[in-house]
Number of protein chains: 2
Amino acid sequence: MLDAVRAELGEHGYDGLTTDGVAARAGVHRTTVYRRWGDVGALLADVLDAAGDDDWQPPDTGSLEEDLTALNQEIQTAMTAQPPVMEALIAASFRSEKAAQAQRRLWEDRYTRCDIVVGRAIRRGELPPDTDARRLLIAATAPLYHHLVLLRTPLDPQLPRHAARTATLAAAAGAFARSPSAPGS
Amino acid sequence: MLDAVRAELGEHGYDGLTTDGVAARAGVHRTTVYRRWGDVGALLADVLDAAGDDDWQPPDTGSLEEDLTALNQEIQTAMTAQPPVMEALIAASFRSEKAAQAQRRLWEDRYTRCDIVVGRAIRRGELPPDTDARRLLIAATAPLYHHLVLLRTPLDPQLPRHAARTATLAAAAGAFARSPSAPGS
């Protein structure tokens, strides 16, 4: 069923997603879909929740900059994949509160799983021990989303590495230190 | 007419925006709206183009970090204003190619106007002369958009300054230097 939602979403976008279309593609009766999910927002929320229910782990290359670069490359690949399911899901989150909540859960889950990237860099001595992992991870990844989702500029193959290096340099300069007496604060 | 579009958008969101509603609010006949704009996407494109046709200039405080902080505060204020016209315009850009193109023009115009923030910092000796202004500006502002538009996390009053400081520290460390032999590249 969720595969059918993803396929319909990729083919028709959020505007073309209907419970009838999903039912037809999945080969079930429309009342089955309607009874279980009720509306398209609930279907999408389940797609998003299912996406978070996997064993994905962030890259582990041995250096912070390389880990963040590989992470950004994964983001760029996912956001530019055809059919554009990710973009359709983001578009849907502006119009369905259930989809928006599911998307918040997915972002939270993914950033939490990435905490280990920062933890490993701290243990290797690459970062101050009081580095705020979430702030660092968002600084490293936000330019990708900004370009791909909002600015919609042509794909820049250097961006994953540039954004990763920027965050790494800022982190080394103390930009994400929690302590108010840390350098740069 | 464009005020009517903004008011309808703020009240009903993109889903509730119709040429009929805009005509009624503006007190003109619906055929007038239909003949001139044709559809809602074209109306929105004009709202966006009008938003770019102003004399907005970025803050000029005397320091890069303060300029970027003030810029981020403006972004946070605009994105959280009620009614949420900015969010409705972004949502619309996922569904109307005309609105998406107008939004790309607006982003491009705003970032170009902000180049002077980086130029002034270079002249004050705060940044290397070959600093890539656009990359720096996007790094400084992207976390705001990521939080406000995609992550939809509760408003963080420290974020404008934190994101500005992160970009400033990274810039000082050479993160945005165009020359391949610059530090950090």
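Just so you know, these numbers come straight off a predicted model, no measurement behind them.

Thresholds, definitions, all that
- Residues numbered from 1 in each chain as written.
- Chains lettered and ligands numbered in written order.
- Predicted model: local features only at pLDDT ≥ 70, side-chain atom pairs only at ≥ 80, totals over all residues.
- Heavy atoms only, no water.
- Helix = DSSP H or I, 4+ residues; strand = E, 2+ residues; numbered from the N terminus.
- Buried < 20%, exposed > 50% of the residue type's maximum accessible area, 1.4 Å probe, protein only.
- Contact = heavy atoms within 4.5 Å.
- Areas by Shrake-Rupley, 256 points an atom, 1.4 Å probe, with all protein chains shown as cover.
- Lys, Arg positive; Asp, Glu negative; His and termini not counted.
- Charge placed at Lys NZ, Arg CZ, Asp CG, Glu CD.
- UniProt positions renumbered as here; feature names shortened; annotations may be inferred.
- Phe/Tyr/Trp six-rings, centres within 6.5 Å; stacked < 30°, edge-to-face > 60°.
- Lys NZ or Arg CZ within 6 Å of the ring centre and 35° of its normal.
- Buried area = accessible area lost by both parts, 1.4 Å probe.
- Salt bridge = Lys/Arg side-chain N within 4 Å of Asp/Glu carboxyl O.
- Polar contact = N/O pair within 3.5 Å; in protein donor to acceptor, adjacent residues only side chain to side chain.
- Axes fitted to C-alpha atoms, helices over the stretch in contact; angles between N-to-C directions.
- Parallel < 35°, antiparallel > 145°, perpendicular 65-115°, else oblique.
- Nonpolar A, V, L, I, M, F, W, Y, C, P; charged D, E, K, R; others polar.
- Domains from an automatic or database assignment.
- Least-squares fit on C-alpha atoms with pLDDT ≥ 70 in both.

Visitor: Could you clarify how one ought to interpret the overall build of chain A in this entry?
Guide: Assigned secondary structure in chain A consists of nine helices and zero strands. Overall, chain A shows an N-to-C arrangement of helices and strands of α-α-α-α-α-α-α-α-α. Taken along its principal axes, the extent of the C-alpha atoms in chain A is 60 × 30 × 25 Å. Expressed as a percentage of its 185 residues, the buried residues of chain A come to 52%. Here the contacts in chain A between residues at least 6 apart in sequence split such that 67% fall between residues at least 24 apart. Within the structure as shown, chain A displays about 8,300 Å² of accessible surface, and the carbon and sulfur contribution to it stands at 53%. Across chain A, the 20 positively charged side chains and the 25 negatively charged ones have centroids separated by 3 Å.

Visitor: Looking at this structure, I do not really get the UniProt feature "domain: HTH tetR-type" (unreviewed entry) in chain A. What am I missing?
Guide: In the UniProt entry, the feature "domain: HTH tetR-type" (unreviewed entry) is given for residues 1–55 of chain A. Helix makes up 73% of residues 1–55 of chain A and strand 0%. Its end C-alpha atoms lie 21 Å apart.

Visitor: When you look at the packing of aromatic side chains in this model, what are you seeing that I'm missing?
Guide: Each aromatic ring pair is characterised by the separation of its centres together with the angle its planes make. Within the structure shown, the criterion is met by three aromatic pairs over all chains. Their ring planes at 35 degrees and their centres at 5.4 Å tell us that A:Phe94 and B:Phe94 sit as a pair that is tilted. Taken as a pair, A:Phe94 in the loop between α6 (85–93) and α7 (97–123) and B:Phe94 in the loop between α6 (85–93) and α7 (97–123) lie in two separate chains rather than in one. Each member of the pair, A:Phe94 as well as B:Phe94, carries the same accessibility label: buried. Here the aromatic rings of B:Trp107 and B:Tyr145 are separated by 4.9 Å at their centres, their planes lie at 85 degrees, and the arrangement is edge-to-face. Linking B:Trp107 in helix α7 with B:Tyr145 in helix α8 (residues 133–151), this pair joins segments that are 38 residues apart in sequence. No difference in accessibility class separates B:Trp107 from B:Tyr145, as the two residues are buried. Lying across the ring of B:Phe94, A:Arg152 places its NZ or CZ 4.7 Å from the centre.

Visitor: How do you make sense of the interface of chain B and chain A when you look at a structure like this?
Guide: Reports of interface size often rely on the accessible area that becomes lost once the parts have come together. In this complex, chain B contributes 39 residues to the contact, which on the side of chain A involves 39 residues. Together chain B and chain A conceal approximately 3,500 Å² of surface at their shared face, both sides included; 65% is due to carbon and sulfur atoms. Together, B:Phe94, B:Leu150 and B:Arg152 form the three largest contributors to the area buried by chain B at its contact with chain A, with a combined 20%. Counting across the chain B and chain A interface gives two salt bridges. Measuring nitrogen to oxygen at the nearest pair gives 3.2 Å for the salt bridge that ties B:Asp156 to A:Arg135. Across the contact surface, chain B and chain A share eight residue pairs in polar contact (both at pLDDT 80 or more). Counting residues per element, the ones that place at least two in the side of chain B that touches chain A are α6, α7, α8 and α9 (159–172) of chain B.

Visitor: Would you take a moment to explain the packing of helix α8 (residues 133–151) of chain A against α8(B) for this structure?
Guide: A pair of packed helices is characterised by two quantities: the angle between their axes and the separation of those axes. Put simply, α8(A) and α8(B) touch, their axes get as near as 8 Å, and they point 75 degrees apart. Looking at the two axes, α8(A) sits roughly perpendicular to α8(B). Across the interface between the two elements, A:Ile138, A:Thr141, A:Ala142, A:Pro143, A:Tyr145, A:His146, A:His147, A:Val149, A:Leu150 and A:Leu151 of α8(A) pack against B:Ile138, B:Ala139, B:Thr141, B:Ala142, B:Pro143, B:Tyr145, B:His146, B:His147, B:Val149, B:Leu150 and B:Leu151 of α8(B). For the contact of α8(A) with α8(B), the residue count by class is 15 nonpolar, six polar and no charged.

Visitor: Looking at this structure, how should I read unusual backbone geometry?
Guide: Most peptide bonds take the trans configuration, and most residues that are not glycine carry a negative phi. Despite not being glycine, A:Arg152 shows a phi value in the positive range, around 50 degrees. When you line up the elements, A:Arg152 lands in the loop between α8 and α9 (159–172).

Visitor: Quick question: what am I supposed to make of the domain arrangement of chain A here?
Guide: Residues and elements named next belong to chain A. Partitioning chain A into structural domains gives domain 1 (2–49) and domain 2 (55–172). At the junction of the two partners, domain 1 supplies 14 residues and domain 2 supplies 14 residues. Contact between domain 1 and domain 2 buries roughly 1,200 Å² in total, counting both sides, with carbon and sulfur atoms accounting for 72%. Considering only the surface of domain 1 that becomes buried against domain 2, Gly-10, Tyr-14 and Leu-48 emerge as the three largest contributors, covering 49% of it. Run the count over domain 1 and domain 2 and you get one salt bridge. Salt-bridge contacts for Arg-105 lead to Asp-49; the nearest nitrogen and oxygen are separated by 2.9 Å.

Visitor: Help me understand the pattern of salt bridges, please; the structure alone is not making it clear to me.
Guide: Proximity of charged atoms lets side chains of opposite charge pair with each other. Per the stated rule, a full pass over the model turns up 40 salt bridges over all chains. Between A:Glu11 and A:Arg25 there is a salt bridge, with the nearest N and O atoms lying 2.9 Å from each other. Taken together, the residues A:Glu11 in helix α1 (residues 2–12) and A:Arg25 in helix α2 (residues 19–26) connect sequence positions 14 residues apart. With a relative accessible area of 53%, A:Glu11 lands in the exposed category. Overall, A:Arg25 belongs to the partly exposed group, its relative accessible area being 38%. When the shortest N-O distance is used, the salt bridge between B:Arg120 and B:Asp67 registers 3.4 Å. Of the two residues, B:Arg120 is situated in helix α7 and B:Asp67 in helix α5 (residues 64–80); the sequence distance between them amounts to 53 residues.

Visitor: Teacher, can you tell me more about the relation of the copies chain B and chain A here?
Guide: One copy of the chain maps onto the second through a rotation about an axis and a displacement along it. By a simple turn and slide, chain B fits onto chain A: the slide is 0.0 Å along the axis, the RMSD is 0.0 Å, and the turn is 180 degrees. The symmetry that links the two subunits is that of a two-fold axis. For chain B, the minimum C-alpha distance to the rotation axis belongs to B:Ala170 and amounts to 2.2 Å. The fraction of interface residues of chain B whose copies in chain A are also interface residues reaches 100%, indicating that both copies meet through the same surface.

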